[in-house]
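Residue strings, one per chain:
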Amino acid sequence: MNTTDIAPLPLVTIALPARGSWPATVHRFDDTSAWAVRAALAAQRPLLVRGEPGSGKSQLARAAAEALGRLFLAEVVHARSESQDLQWRFDALGRLGDAQAMSAGHHSPEEVRSRLEQRNYLSPGALWWVFDWDSAERQHSRSGGRSARPQPPAGWTPARGSVLLIDEIDKAEADLPNGLLETLGNGAFTVPWLDEAISSAAGTPTPLVVITTNEERELPAAFVRRCLVLNLQLPKAENDFIAALIRRGKLHFEDRCPANVYRDAARQLWQDRQAAEDQGLQGPGYAEYIDLLRVVVTLEADPGKQAVLLGKVQDFALKKHPPANG
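Residues numbered from 1 in each chain as written. Predicted model: local features only at pLDDT ≥ 70, side-chain atom pairs only at ≥ 80, totals over all residues. Heavy atoms only, no water.

**Some thoughts on the pattern of salt bridges**
Opposite charge on two side chains permits pairing when their charged atoms draw close. Let me state the cut-off plainly: The term salt bridge refers to a pairing of a side-chain nitrogen on Lys or Arg with a carboxyl oxygen on Asp or Glu at a separation within 4 Å. Helix and strand definitions here come from DSSP, where helices need a minimum of 4 consecutive H or I residues and strands a minimum of 2 consecutive E residues; each element is numbered from the N-terminal end. When a residue's accessible area, from a 1.4 Å probe over protein chains only, is under 20% of the maximum for its type it is buried; when over 50% it is exposed; and in between it is partly exposed.
Per the stated rule, a full pass over the model turns up 18 salt bridges. Of the charged contacts in the structure, one is a salt bridge between Asp-91 and Arg-146, with a shortest N-O distance of 2.8 Å. Here Asp-91 is found in the loop between strand E5 (88–90) and helix H3 (92–103), whereas its partner Arg-146 is found in the loop between helix H6 (133–142) and strand E7 (162–167), with 55 residues between them in sequence. Owing to a relative accessible area of 27%, Asp-91 belongs among the partly exposed residues under this scheme. Among the residues examined, Arg-146 registers a relative accessible area of 31% and is labelled partly exposed. Connected through shared salt-bridge partners, Asp-91, Asp-98, Arg-115 and Arg-146 make up one network.

**Some thoughts on helix H10 (residues 238–253)**
Applicable threshold: Working rule for helices: expected span equals 1.5 Å times residues minus one.
For H10, which comprises 16 residues, the first-to-last C-alpha distance of 22 Å matches the rise-based estimate of 22 Å (1.5 Å per residue) to within 8%. Of the residues making up H10, those classed as buried are Phe-241, Ile-242, Ala-244, Leu-245, Ile-246, Gly-249, Leu-251 and Phe-253. Positive backbone phi, approximately 50°, marks Glu-254, located one or two places after H10.

**Here's the deal with the packing of aromatic side chains**
In plain terms, the rule: Planes of paired rings set the category: under 30 degrees apart is stacked, over 60 is edge-to-face and the rest tilted, where pairs are Phe, Tyr or Trp rings (Trp by its six-membered ring) whose centres lie within 6.5 Å. Cation placement over rings: the criterion is NZ of Lys or CZ of Arg within 6 Å of the ring centroid and within 35° of the ring normal.
The tally for this structure, following the rule as stated, stands at 8 aromatic pairs. Here the aromatic rings of Phe-90 and Trp-193 are separated by 4.7 Å at their centres, their planes lie at 35°, and the arrangement is tilted. One end of the pair, Phe-90, is in strand E5; the other, Trp-193, is in the loop between strand E8 (188–189) and strand E9 (198–199), with 103 residues separating them in the sequence. Using a relative accessible area of 27% as the deciding quantity, one classes Phe-90 as partly exposed. Ring centres of Trp-133 and Trp-156 lie 5.0 Å apart, and the angle between their planes is 70°; this geometry places the pair in the edge-to-face category. You can see Trp-133 sitting in helix H6 and its partner Trp-156 sitting in the loop between H6 and E7, a full 23 residues away along the chain. Pair check on accessibility: Trp-133 and Trp-156 agree, each one buried. One cation-aromatic arrangement involves Arg-38 over Trp-35; the distance from NZ or CZ to the ring centre is 4.5 Å.

**What to know about the side chain of Asp-167**
How we decide: A positive count includes Lys and Arg, and a negative count includes Asp and Glu. His and the chain ends are not counted in either. A 3.5 Å cut-off defines polar contacts: any pair of N or O atoms within that distance qualifies, except that in protein one atom must be a possible hydrogen donor and the other a possible acceptor, and neighbouring residues in sequence count only when both atoms are side-chain atoms. Every residue pair with non-hydrogen atoms within 4.5 Å of one another is taken to be in contact.
Structurally, Asp-167 can be placed in strand E7. Buried and unpaired, Asp-167 has Lys-57 as its nearest opposite-charge partner, separated by 6.5 Å. A distance of 2.8 Å separates the side chain of Asp-167 from the side chain of Ser-58, its partner in a polar contact. Asp-167 has contacts with Ser-58, Glu-75, Val-76, Val-77 and Thr-212, leaving out every residue within four places of it along the chain.

**Points about the packing of helix H12 (residues 286–299) against helix H13 (residues 303–318)**
Our working definition: Interaxial angle, 0 to 180 degrees, is taken between N-to-C directions of lines fitted to C-alpha atoms, where a helix line uses only the stretch in contact. By the definition adopted for this analysis, an angle is roughly parallel if under 35 degrees, roughly antiparallel if over 145, roughly perpendicular if from 65 to 115, and oblique otherwise. Each crossing gets its handedness from the near helix: less than a right angle anticlockwise from the far helix is left-handed, clockwise is right-handed.
In contact at an axis separation of 9 Å, H12 and H13 are set at 140° when each is read in the N-to-C sense. Regarding the angle of H12 to H13, the classification is oblique. Once H12 is placed against H13, the crossing between them reads as right-handed. Residues Glu-288, Leu-292, Val-295, Val-296, Val-297 and Leu-299 of H12 form the contact with H13, whose own contacting residues are Gln-306, Leu-309, Leu-310, Val-313, Gln-314, Ala-317 and Leu-318.

**Here's the deal with helix H2 (residues 57–68)**
In a regular helix each residue adds 1.5 Å, so 12 residues correspond to 16 Å; H2 covers 17 Å between its end C-alpha atoms and thus fits that length. Most of H2 is tucked away: 9 of the 12 residues are buried. Every buried residue belonging to H2 is among Lys-57, Ser-58, Leu-60, Ala-61, Arg-62, Ala-63, Ala-64, Ala-65 and Leu-68, and all of these are buried. Within two residues after H2, Gly-69 carries a phi angle of roughly 70°, on the positive side.

**Some points on the sheet that holds E7**
Picture the strands of a sheet paired through backbone hydrogen bonds; they go either parallel or antiparallel. This is how the line gets drawn: Paired strands, as defined in this entry, are two strands with at least two bridges between them according to DSSP.
Taking strand neighbours across the sheet as the criterion, the 5 strands line up as E4-E7-E10-E3-E11 in an open arrangement whose pairing is parallel. Edge strands, defined here as strands with exactly one partner in the open sheet, are strand E4 (71–76) and strand E11 (228–231). Taken pair by pair, the neighbouring strands of this sheet meet at an average axis angle of 20°, ignoring direction.

**Details of unusual backbone geometry**
We note that Trp-193 has phi near 75°; this positive angle belongs to a residue other than glycine. With a phi angle near 65°, Glu-215 is a residue other than glycine that sits in the positive phi range. Positionally, Glu-215 belongs in the loop between strand E10 (208–213) and helix H9 (221–225). Overall, Glu-215 belongs to the partly exposed group, its relative accessible area being 39%.

Here you go:
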């Protein structure tokens, strides 16, 4: 495997075109995140990315896919998600409906058995697609397209590999990460009604699996041990924090804002963040800063008037909690 696709440079900026529901944006790899991606590729292990909401965890996976020329798939975890959902899904209700419909008609036993064969109701999950695209596509066709087929970028082939984002894994119960231990550790999983396990197809790169957590729930230790871990932490010192925000803002909006707007917005965010943390609450971060600047540049194109507008709209983006006095 070629692990030099993302060079370990202090700053590498990747333009991310709009794909599906993901809007066009830009991402900046720093030295740490670039090396983390390369290390995960070399180790053929998942990359667990820790950090508060809005710190760029999900975007890192998308940027890695763009930089590597790989297919990008994303699966957002919720409270009812199960590990099986990432591997395969079975349409039991569809099969029941077909069985009832066939019972009302005139069909031979052979026709009933053929139509109601379990594999006809089996759909590939995200892990199936990134492990073995060709097998997943055959199963997708056999099941009649019961689930959405990923849309690869123009010119992509399975030989170029894939990146799978498993987003917000801490939303699920511990059964989900525990259920992925064997799959992620061995690079394979079994599916009922199939004779062979699903694993990385010969001649294709091992998929890069990026898993994010907002630390809302502790992950099982055995699961964490099977991952490489990247901690995306915002700077703790005020000056460093403000400088980091300004760099992020200029990356997105360049010269559409004057220096004082970038600086004043960052200082206000720092103050509101400290006030929230004093109450034991999650303070604003990168995401809120970008939202605030987007409001300013959208509503006022004249840089000379943006500072006044900033004072009028900043609370809407930065103050997300009720006042401390109720």
